[in-house]
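Summary of the model geometry
Spelled out from the first residue to the last, the chains are:
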Amino acid sequence: PLTLEEVRMLVELFYLPYHHGALAQELLEHFRWLRANSLSVGVPATAPDACGGTRWRGRAQSFQLLCARTCRLHSRLVSTAGRALLYDLHPYLWDIRNMLLAASAFVLWLGCQSITAPILLGRDAEPWARRGGLFGELQALLPVGNSCDLFYHPPPLFPSSQLYLLRPLLPLDKVGAMAWRAVLLDPLRRSEVSQELQAQLSYTLTLAGRLLGSFLSLSPEYTFVLEDEGGPCGYAAGALHAEGFLQQRDSSWLPAIRHKYPPDLGTGGPALGQDALEEAVLFFHAEPLSVPQPVLRRFPSLVQLGTAPRVLDVGASRSLALCLLSALRANGSRGVFCQVSDTDRQQLSFYSKLG
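Looking at an unreviewed UniProt entry, one finds the protein chain named OGA GlcNAcase and attributed to Dasyornis broadbenti.

Here is the structure:
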């Protein structure tokens, strides 16, 4: 059953409409301070203000721990509470969990960046655009807080206790991919890996290159990873200035990747996943569609998101979108677009569910 401490956390999260309990108040105070003082991050260790960066990281760590506790509380409530209590409280706690996933990742991202532009909030939202309570106050603190359509989604009919972690891309992610690629390219090391695993790894790395390669090379600072207990299960990637990004992709990145992955790479290998591998390789050799100038003028940033089929909770996907859009907005973006094939039903359904 829920412990007394977990029940106390629930009460503090939903204390009174205009008064917060200790846990909610601490979450808000940390988030406000971290957002207001993010410029103190990233200073060299020898700089006079090095202690400012240390203090910021200390408070960021405290905020991360509070977010993690609240996400665990959501998981515990789904696993242990009686059905009547669960269905009464779950919509509210689900909303808070999704918001804290995005806020936690945004704070982690602030710790990796040196924001040169002010965090933009735009005009004040109409009073009806935000809910009250902790959810509404956290929403107002995200740079996309006035985009109210992003924040309203019905909770799932069948609550899930799955725990998620949302974070910016780390250098170790690239190192891990390079290590596996080295295994596949080295005949001696490859002999130690089964053909089935070779095929799976080759397909996974090539698919990752297809989906994320240009973003990882040209815009890694706007890439986020969603993880569950099984490992990475989603991503969000963006380019702040899409026009320059697309020009660089077509002039330098694509020629290099085409040389690295020739059209016949997917033939003659292990059968497992071979059709999909060939499709991924041929994708690099297709001419990308150009983006009309009116689109680039009105929506200067490019975004791309996706989750694994096992991610059934749209709340985790929504948190991915909120975090990426907040990062772009914090650096001055005034609009985003995504490119989707009209035959890609999976991606069309994914973006439609996000609204």
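There's more to say after this.
As for the overall build of the protein chain
Secondary structure summary: the protein chain contains 13 helices and five strands in total. Counting over 355 residues, the protein chain shows a buried share of 45%. Partitioning the intrachain contacts of the protein chain with sequence separation of at least 6 by distance along the chain shows that 74% fall at a separation of at least 24.

What about the environment of Leu354?
Structurally, Leu354 can be placed in helix H13 (residues 345-354). Look at Leu354 and you get buried, because its relative accessible area is 11%. With 201 residues separating them in the primary sequence, Leu354 and His153 have C-alpha atoms 8.2 Å apart. When neighbours within four sequence positions are excluded, Leu354 is seen to be in contact with His153, Val314, Ser317, Arg318 and Ala321.

Comments concerning the pattern of salt bridges
Considering all chains together, one arrives at 10 salt bridges under this definition. Close ionic contact of Glu5 with Arg69 constitutes a salt bridge, the shortest N to O distance being 3.4 Å. One end of the pair, Glu5, is in helix H1 (residues 4-13); the other, Arg69, is in helix H3 (residues 50-80), and 64 residues separate them in sequence. On the basis of relative accessible area, Glu5 is assigned to the partly exposed category, the value being 40%. Judged by relative accessible area, Arg69 falls into the partly exposed class, the value being 30%. Via salt bridges that share partners, Glu5, Arg8 and Arg69 belong to a single interconnected network.

Observations concerning the nonpolar core
Counting residues in hydrophobic clusters, the biggest one holds 66 residues, and the most contacted among them are Leu27, Phe31 and Phe224. Here this core gets 13 residues from one element, more than from any other, and that element is helix H4 (residues 83-110). Here this core spans two domains, and each of domain 1 (1-161) and domain 2 (163-354) adds at least three residues to it. If sequence neighbours within four positions are ignored, Phe31 has contacts with Phe63, Ala103, Phe106, Val107, Leu138, Leu141 and Leu142.

Remarks on the environment of Ala60
You can see Ala60 is positioned in helix H3. Expressed as a C-alpha distance, the spacing of Ala60 and Val107, which sit 47 residues apart in the sequence, is 6.8 Å. Among all residues touching Ala60, those that are not within four sequence positions of it are Leu34 and Val107.

Here we look at helix H5 (residues 133-141)
Among the residues of H5, those classed as buried are Leu134, Phe135, Gly136, Leu138, Gln139 and Leu141. Residues of H5 that are buried sit in contact with H1, helix H2 (22-36), H4 and helix H12 (314-330).

The rules we used
- Residues numbered from 1 in each chain as written.
- Predicted model: local features only at pLDDT ≥ 70, side-chain atom pairs only at ≥ 80, totals over all residues.
- Heavy atoms only, no water.
- Helix = DSSP H or I, 4+ residues; strand = E, 2+ residues; numbered from the N terminus.
- Buried < 20%, exposed > 50% of the residue type's maximum accessible area, 1.4 Å probe, protein only.
- Contact = heavy atoms within 4.5 Å.
- Salt bridge = Lys/Arg side-chain N within 4 Å of Asp/Glu carboxyl O.
- Core = buried A, V, L, I, M, F, W, Y, C linked by side-chain atoms within 4.5 Å.
- Domains from an automatic or database assignment.

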